[in-house]
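Structure at a glance
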Amino acid sequence: MSTEAHEDRISSVSKKFGITPEDYMLPARHMINLLNVDGTLREESDQGTEPGHEYPLPSPAELMDAYSALAVGRRVNDQNSALVRQGRMAVYPSSHGQEACQVAAALCLEESDWLFPTYRDTVAVLTKGVAPMEVMTSFRGEWHCGYDPKAYNCAPMSTPLTTQLLHGVGVAHAAKLRGENTVVVAMCGDGATSEGDFHEALNFAAVFKLPVIFFVQNNKYAISVPLSQQSAAPSLAHKAVGYGMAGERVDGNDLMALMAVMRRAVRLAREGNGPLLIEAHTYRMQAHTNADDDKRYREDSEVQEWIAKDPVTRMHAYLDDAGLLTEEAQAKITERAEAIAKKLRDGMNQDANTPPSELFEHVFASKTTQLAEQQALLADELAREEA
């Protein structure tokens, strides 16, 4: 794309909003935040919106669907943490406290759109429609991700840091070349923004005007490294302007604001306005994984401060006060959450029966000589153990 064409794109979309290209690309001066911590709706003048950065409230039906997924996500996080302690899962990176981000990321997409999650985004994958046991398969030590990505338009949960952004950009590029109306949401954490792959993915997406939403869950720590030691930028969303794309900041524990911001971003991308960078300010309330001791790098008082901002209790309070969350509705949501938790317990309490030889079957299209030798060596060792 020529420089002139890029500038025309930015100028065109900014004119639609009646603002300058700079004001379109830069995040709003204040973080988008529609709900107070106690679940009350903030005054319009205090929501962070401004010309070109307006966010209508989601409908009551949309909010109820989102809250249902949020409540299920919290129950799944708690259940999986228990399964790890029982030895039924090898590891589990809990997203306790970040569930609102993940629900919004999945619900903003159409069925034909693609989601590229990280290893911590189990709630997003569940909300995208993947069956619970299929989502958790990799965490029990299986060699595969547990589900067919093409069946759900959901990539495997990526453990290597930031690689999923490049994969998401590739899918968006292919879709554009085919003339498909596909939008990609590529998820990452604040630590991923320090990786070279982050730069390459954003730069390529912006140059080729690809329909990608780069969704950064800023949970304040890259394992144990605080954000202040990762970036000197005013915010991670401010990085967008350097690539020639729009950025926005949103309260990552405010499900209503997340739904509004993500739906606008997807709409803009689908209309051909290029990629966007969304930074959600949230917090990982529990340890990085069950192998992490978070008391070594953060104070309990800090955790307690964020527990008071819990996205589940905030959304529950709003819906209850609005008369939308009746006792019957809450009972149905709880019943659904418990049914999913039971599926996970029952599934994880069945020992996996995976032949060790399968490790070598799907690494390359044609098995290499080295893999064949390793497979034969393992087979010989297993045979001698059985003898």
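An unreviewed UniProt entry annotates the protein chain as Pyruvate dehydrogenase E1 component, alpha subunit of Glutamicibacter ardleyensis. Quoted verbatim from the Cofactor (unreviewed entry) field of UniProt, the annotation for the protein chain is "thiamine diphosphate".

This brings us to the state of the cysteines. Summed over all chains, the structure comprises 0 disulfides. Considering cysteine sulfurs only, Cys101 is the nearest to Cys108, which forms no disulfide, with 12 Å between them. Between Cys145, a free cysteine, and Cys154, which holds the nearest cysteine sulfur, the sulfur-to-sulfur gap is 8.3 Å. What makes Cys145 buried here is its relative accessible area of 17%.

Turning our eyes to something else, we now look at the UniProt feature "domain: Dehydrogenase E1 component" (unreviewed entry) in the protein chain. With numbering aligned to this structure, UniProt lists the feature "domain: Dehydrogenase E1 component" (unreviewed entry) at residues 74-340. In the segment residues 74-340, helix accounts for 42% and strand for 12%; the C-alpha atoms at its two ends are 11 Å apart.

With that settled, consider helix H13 (residues 327-348). For H13, built from 22 residues, the straight-helix expectation of 32 Å at 1.5 Å per residue is met to within 8% by its first-to-last C-alpha distance of 31 Å. Listed as buried for H13 are Ala329, Ile333, Ala337, Ile340, Ala341, Leu344, Gly347 and Met348. Along the axis of H13, the buried residues cluster in a sector spanning 130°; they form a single face. Opposite its buried face, H13 presents the exposed residues Glu327, Glu328, Lys332 and Glu335, each directed more than 90 degrees away. Buried positions along H13 lie against helix H3 (60-85) and helix H6 (132-136).

Below, the discussion takes up the packing of aromatic side chains. Taken as a whole and assessed by the stated rule, the structure comprises 7 aromatic pairs. Centre to centre, the rings of Tyr147 and Tyr152 are 6.2 Å apart; their planes meet at 80°, and the pair counts as edge-to-face. By relative accessible area, Tyr147 is classed as buried at 6%. With a centroid separation of 5.2 Å and an interplanar angle of 5°, the aromatic rings of Tyr283 and Trp306 are classed as stacked. In this pair, Tyr283 sits in the loop between strand E7 (276-281) and helix H11 (300-307) while Trp306 sits in helix H11, placing the two residues 23 residues apart along the sequence. Each of the two residues, Tyr283 as well as Trp306, counts as buried. For Lys309, the ring lying beneath its charged end belongs to Trp306, and the centroid distance is 4.1 Å.

Conventions we followed
- Residues numbered from 1 in each chain as written.
- Predicted model: local features only at pLDDT ≥ 70, side-chain atom pairs only at ≥ 80, totals over all residues.
- Heavy atoms only, no water.
- UniProt positions renumbered as here; feature names shortened; annotations may be inferred.
- Disulfide = S-S within 2.5 Å.
- Buried < 20%, exposed > 50% of the residue type's maximum accessible area, 1.4 Å probe, protein only.
- Helix = DSSP H or I, 4+ residues; strand = E, 2+ residues; numbered from the N terminus.
- Expected span 1.5 Å × (residues − 1).
- Arc of directions from axis to C-beta.
- Contact = heavy atoms within 4.5 Å.
- Phe/Tyr/Trp six-rings, centres within 6.5 Å; stacked < 30°, edge-to-face > 60°.
- Lys NZ or Arg CZ within 6 Å of the ring centre and 35° of its normal.

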